Amino acid sequence: VQLQASGGGLVQAGDSLRLSCAASGRTLNNYAVAWFRQAPGKEREFAAVIRWATGMTVYSDSVKGRFTISRDRSENTAYLQMNNLKPEDTAVYYCAARSPWMVGGRWTSADFGSWGQGTQVTVSS
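First, a word on scope: everything that follows refers to the structure included in this document. (Residues numbered from 1 in each chain as written. Predicted model: local features only at pLDDT ≥ 70, side-chain atom pairs only at ≥ 80, totals over all residues. Heavy atoms only, no water.)

So, about the overall build of the protein chain. Within the protein chain one finds 0 helices and 11 strands. The C-alpha atoms of the protein chain give 13 Å as radius of gyration, which agrees with the globular expectation for 125 residues (14 Å, within 12%). If one aligns the C-alpha atoms of the protein chain with their principal axes, the spans along those axes are about 40 × 30 × 25 Å. Within the protein chain, buried positions represent 43% of all 125 residues. Counting contacts in the protein chain only where the partners sit at least 6 residues apart, residues at least 24 apart contribute 57% of the total. Surface exposure of the protein chain reaches about 6300 Å², of which carbon and sulfur atoms provide 44%. Side-chain charges of the protein chain comprise 13 positive and 9 negative groups, with the mean position of each set lying 6 Å from the other. (Helix = DSSP H or I, 4+ residues; strand = E, 2+ residues; numbered from the N terminus. Rg over C-alpha atoms; globule rule 2.2 N^0.38 Å. Buried < 20%, exposed > 50% of the residue type's maximum accessible area, 1.4 Å probe, protein only. Contact = heavy atoms within 4.5 Å. Areas by Shrake-Rupley, 256 points an atom, 1.4 Å probe, with all protein chains shown as cover. Lys, Arg positive; Asp, Glu negative; His and termini not counted. Charge placed at Lys NZ, Arg CZ, Asp CG, Glu CD.)

Shown next, in the form of C-alpha cells:
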C-alpha cells in the first residue's frame, strides 16, 4: 500500500491542524493505519492508530484527549485532528500501515511496513 501524508504547517500554541493520509494500491479492510511523529534528535514516536475495518482507536498518553484519528473508508484516507497544539508537538508526522491489527500490541515503528513521506508540523509558543 502507498501512503501520502499532507496537511502540516506552522501554527501557534493552542491552534488546531488536521493531517491527511491518502492510501492507494489496495483496500485497507484488514489494516491498521497509524500516525507517528519524530522531533529533531529524537526517536520516532507512536501517536495514534485506527483499525480500518472497525474504527477502533488507540492513542499515546502524550496526545490522548487532544488528537483524534479517524478514517473515511470511501476516500481511503485517514486523518489526524490535532487540537490544543503545544510546542512539544513540533515534529515531522508520518502515517504508516500494517496488516493485520495487533491485539494488545505496543505500537512501534518496527511494526509497520508501509510509510508515507512525512509532513512537518511546527507549533510556536
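Moving on from the coordinates now.
Adjacent strands of a sheet pair through backbone hydrogen bonds, lying either parallel or antiparallel. Reading across from one edge, β1-β3-β8-β7 is the order of the 4 strands in this open sheet, with antiparallel pairing throughout. Edge strands, defined here as strands with exactly one partner in the open sheet, are β1 (2–6) and β7 (67–72). Across the sheet, the mean angle separating the axes of adjacent strands is 15° when strand polarity is ignored. For β7 and strand β8 (residues 77–82), the ladder comprises 6 bridges, and the chain directions are antiparallel. (Pairing = 2+ DSSP bridges. Axes fitted to C-alpha atoms, helices over the stretch in contact; angles between N-to-C directions.)

A few words now on the pattern of salt bridges. Inspection of the entire model under this criterion finds 4 salt bridges. A salt bridge links Arg 37 to Glu 45; the shortest N-O distance between them is 2.8 Å. With relative accessibility at 7%, the residue Arg 37 sits in the buried group. One salt bridge connects Asp 89 with Arg 66, and the closest N-O pair in it is separated by 2.7 Å. Of this pair, Asp 89 sits in the loop between β8 and β9 (91–98) while Arg 66 sits in the loop between β6 (57–59) and β7, placing them 23 residues apart in sequence. In this pair, the class of Asp 89 matches that of Arg 66, namely buried. (Salt bridge = Lys/Arg side-chain N within 4 Å of Asp/Glu carboxyl O.)

Attention now goes to the environment of Met 82. Mapped onto the elements of the fold, Met 82 is located in strand β8. Once the C-alpha coordinates of Met 82 and Gly 14 are considered, the two residues, 68 residues apart in sequence, prove to be 9.9 Å apart. Residue contacts for Met 82: discarding those within four places in its chain leaves Asp 15, Ser 16, Leu 17, Leu 19, Arg 66, Phe 67, Tyr 93 and Val 121.

Turning our eyes to something else, we now look at unusual backbone geometry. Here the bond from Ser 99 into Pro 100 is cis, since omega is -5°, no more than 30 degrees from zero. Positionally, Pro 100 belongs in the loop between β9 and β10 (114–115). Unlike most non-glycine residues, Asn 76 shows phi in positive territory, near 55°. Mapped onto the fold, Asn 76 is located in the loop between β7 and β8. If you check the backbone angles, Asn 84 has positive phi at about 50° while not being a glycine.

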